[in-house]
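Residue strings, one per chain:
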Amino acid sequence: MGFAELSITSNFTFLTGGSHPEEYARRAALLGLEAIAIADVNSVAGVVRAWSELKKIREEIAEAEAARADPIGPPKPAHLPDPPRAPIDHVPRLLPAACLVLEDGMRLTALPRDRAGWASLCRILSAGRLRAEKGDCLLDLDDILRFPQGLELLLHAPDRPGADWRQAAARLIDGMEGRLHLLIAPAYDGQDAARLDRGARLAEALGLPTLASARPIMHHGARRRLTDILTCIREGLRIEDLGTAAQANAEQRLRSEAEMRRIFKGHEGAVDRAAALAERLRFDIASLRYEYPSEIADGETAAERLQRLAQAGLNWRYPQGISERAQKQLEHELRLIGKLGYEPYFLTVHDIVAFARSRGILCQGRGSAANSITCYALGVTSVSPEIGTMVFERFVSEARNEPPDIDVDFEHERREEVIQHIYARYGRHRAGLCATVIHYRGKRAVREVGRAMGLSEDVLSALSSQIWGSWSKHGPEIARMREIGLDPDSPRLKQTIQLIEEIIGFPRHLSQHVGGFVITEGRLDELVPIENATMEDRTVICWDKDDIDALGILKVDILALGMLSCIRKAFGLLRQHHQADYTLTTLPPEDPAVYDMLCRADTLGVFQVESRAQMNFLPRMRPRCFYDLVIQVAIIRPGPIQGDMVHPFIRRRNGEEEVSFPSDELGRVLGKTLGVPLFQEQAMQIAITGAGFTPDEADRLRRSLATFKKHGSVSEFRTRFLRGMRANGYDADFAERCFSQIEGFGSYGFPESHAASFALLVYASSWLKRHHPGIFACALLNSQPMGFYAPAQIVRDARQHGVEVRPVCINRSRWDNVMERTETGALALRLGFRQIKAMREDEADWLTAARGNGYTAVEDLWRRAGLAARTLTILAEADAFATLGISRRDALWAARALVPKRELPLFSGDLDGEGIVEPAVHLPRMTEGEEVVEDYVAMRLTLRSHPVALIRDRLSPGIDRRLLTSRSGPAFRPPGSSGAPVPG
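Residues numbered from 1 in each chain as written. Predicted model: local features only at pLDDT ≥ 70, side-chain atom pairs only at ≥ 80, totals over all residues. Heavy atoms only, no water.

Caption draft 1: Quick look at the nonpolar core. Ranked by internal contacts, the top residues of the largest apolar core, which has 143 residues, are Leu6, Leu172 and Trp543. It is helix H12 (residues 343-358) that provides the largest number of residues to this core, a total of eight residues. If near-sequence neighbours (up to four positions away) are discounted, Leu6 is found in contact with Ala37, Ala39, Leu95, Thr109, Leu111, Leu154, Ala274, Leu277 and Ala278. With 100 residues, the next largest nonpolar core counts Val383, Phe607, Ala755 and Ala777 among its residues. (Core = buried A, V, L, I, M, F, W, Y, C linked by side-chain atoms within 4.5 Å. Buried < 20%, exposed > 50% of the residue type's maximum accessible area, 1.4 Å probe, protein only. Helix = DSSP H or I, 4+ residues; strand = E, 2+ residues; numbered from the N terminus. Contact = heavy atoms within 4.5 Å.)

Now the structure itself:
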């Protein structure tokens, strides 16, 4: 009759299960099981992984059968592994499940019979998760009895059931109406025969049928040691102290039908009943049907509304008249969107963006959505797809039959408003953020496994130092281990390294996605369980983006970008001081002065091109148009660098090397980038055109780029790619370089459309810096923390561009930095209280609210604003009273003198009717060096002399001292530099 394992614990029961869901799936296929149920503790986080693996096994078997039927057919793609060696008659079914652990310790495995059962399970888990903190689940019997529809429950038999347990079991028997079973399982301790007999007698007393399970926590016995290490990490123990919590043996593993019948001799009926129940459970997770929010409004269907909004948006985008190409592209996209039924998705994103704009929140779509003229017309993206190659199918494909994925960046300071709007509009039962599975990586694996194995901290530090050095897939090299003082022959060290390699890739815990929202028409908590996030007022689902992609579930990425906050604040300052109203799309285009500035690498603070690598490359690139910025954004990335694409591109751009193409077909793909592949779209087109990939294979290659860090799957395509390029007559060296570049994209690579979206922000921030350096610096300071540079460097750069920067002033400053008019009518940058390290915003707001016509002394501030002595001291240390003629030391003295008046009652009254009168104290003036030091201590910046200027006398005479920066001098530029100022 077969056997179905109905209670598997995977490693998504974090720090407990010793095997991946995928490993269970493949092992079950090799063992010939009828079905498996991944039943993690109070979670269904791992079920999609097992389902995807079983789907992959079916594809492998079909491919192998096709190869046997057509032995002269095309070679097997390299990304598909060899067919399993053991004969497989069929692939086991996956039964989604969860092990429900109640607060009183009772355990039940819940198995959905149908879609209603899955909804009940999700509602139960959501109820328990939402009443607990992140990572916990508080369930009781009432939760289960509230949602019993469509569920089969397996009640785990305890060794010694008490009266409370029997009472709870009786309630379940009454509530489940024949859908309750008693699960009996071995403990592999030599007492299993008696244990199984007791379980059978308990079942008979309760009137329940028994079901057999091995209750595996690992797919194979080889995982025993790793399972013990996981227990050590969970309990905070060393392996020597694990005691009875350790696995007694390697027996608690996935087992075949023959093994189960041997273990359950005399209780074979329990084995048969497990298979029989599995046969009755027909729910397949693939049957989950995700419904978009309908987005029907005012009697308009979603299709009619999208058509109207898109056409109106196109008229808005092209006020001088819509080009024929743009109109045809919109019609093509709308036809495909309508055919696939994605209109509600685009309307959902449109409405979210419209809300943000109604609140003055700057936002912009990026990623593959920038390939869509529909997104451009709806205002989701700000870059016309006509700039690049309009490849809408890169975004929405009928062949893939999967929902599109739109990423929208919002101001990082105001994204929470958008997130809370989504919750408010759709309800928390219809909207939730995706999870992100935090996996073990090198350093964490070394640290946690090493401590569990009892290694000392210095040994762990030495091992960690090799993560980015000589640590290969087989651990650190032996010679290198000797160099750093470790003994590679130490048995414990060897075993530790093996366990580190084994645990890498294991899930550690769930976190929240950076912004991926799942929104549904019906109840989200009947599609997937919802739980609390660490952040207040955030709820998340338990599946990550790969899981929801596999199931075809819509996700809208609500992301945060600091530069959008900066640009929005700069636009606000331009309206305030120049009465100029700009948006990202109305800035003067193709300004030569902006490109001149970029060619000088004068880009401190400019989006994406402020790093040293970008600054070094800009004078060589010499951008003169917007598409040059698209290339600039994309080229200084690991993909093009690892693929050795940077130098050939520059040589060709500068006329030092002939622009040539391996073929006319690839010339059409690579023409805009002078024959050098730089973008993800080009990598895909090379695979299709040059290596003979099918569109489906190219799409799998694209997906592998995004998951390379997690799975390392890009290299699986290597043989297939190189063989295809060779078959089509391409040079082996060119093919190798192309594939190296594709592998580099796995670390970090841009699609052309994404680079174009970012290039718009590069141009906007460059335009602001070139024409309004003070406003740009003010907005940049008010948007911190962000970017590469500290406030001191931003201030220094602004002064080098002729901006007058004024110090923090008790009477003129506010919390934010502001622009104020000088006597000549120019704008000066006034530093705000936010630049003082220890200052709080509420204190600054109270200070400014009570200021009136201004403060005259430290005591005046104390009396009128009622600030604490701590705040007075902070302001004095920041020299905020200097404009009142009060030096830093005098202000500190005055602030300290006020402390007894409020905090020491003994001195609050007069003595003998006369107050305490102290003679005036004359404090010595601080030196320039002391002032500079105190500025950095209080604010991490100074408007006084550069620190190096204070030691000019000690510098080598070989250095031209005129190049050193004084208070108003030029920037220090090392000989041979590109001219970019060095941060101060």
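Caption draft 2: Just helix H24 (residues 626-635), in detail. Buried residues dominate H24, accounting for ten of its ten residues. Along H24, the residues that are buried comprise Phe626, Tyr627, Asp628, Leu629, Val630, Ile631, Gln632, Val633, Ala634 and Ile635.

Caption draft 3: Expanded view of the environment of Gly432. Inspection of the secondary structure assignment puts Gly432 in strand E11 (residues 431-439). Relative accessible area serves as the criterion here: at 0%, Gly432 is assigned to the buried category. Setting aside its immediate chain neighbours within four residues, Gly432 contacts Tyr423, Gly516, Phe517, Val518, Leu524 and Thr539.

Caption draft 4: Up close: the pattern of salt bridges. One pass over the structure, following the stated rule, counts 67 salt bridges. A salt bridge links Arg444 to Glu448, with the nearest nitrogen and oxygen atoms 3.5 Å apart. You can see Arg444 and its partner Glu448 sitting in helix H16 (residues 442-452), four residues apart, about one turn around the helix. A relative accessible area of 26% means that Arg444 is categorised as partly exposed. Where salt bridges share partners, they join Glu804, Arg806, Arg812, Glu820, Glu823 and Arg830 into one cluster. (Salt bridge = Lys/Arg side-chain N within 4 Å of Asp/Glu carboxyl O.)

Caption draft 5: The arrangement of the environment of Pro21 in detail. With respect to the helices and strands, Pro21 occurs in helix H1 (residues 21-31). Given the relative accessible area of 0%, Pro21 is considered buried. A sequence separation of 24 residues divides Pro21 from Ala45, and the C-alpha atoms of the two residues are 9.9 Å apart. Ignoring any residue separated from it by four or fewer positions in sequence, one finds Pro21 in contact with Ser10, Asn11, Phe12, Gly46, Arg49 and Ala50.

Caption draft 6: Fine view of H1. Of all the positions in H1, only Pro21, Glu23, Tyr24, Ala25, Ala28 and Ala29 are classed as buried. In the segment just after H1, Gly32 is the residue with positive phi, at about 75 degrees.

Caption draft 7: Layout of the sheet that holds strand E3 (residues 93-94). Across the sheet, three strands lie side by side as E1-E2-E3; this open sheet has parallel pairing. Lying at the two open borders of the sheet, with one neighbouring strand each, are strand E1 (4-8) and E3. Summarising the sheet, strand E2 (residues 35-38) and E3 pair through two bridges and their orientation is parallel. Residue Ala35 lies in a different strand from E3, and its bridge partner there is Arg93. Along the sheet, helix H9 (residues 268-280) makes contact with E1, E2 and E3, crossing E1 at roughly 85 degrees. (Pairing = 2+ DSSP bridges. Axes fitted to C-alpha atoms, helices over the stretch in contact; angles between N-to-C directions.)

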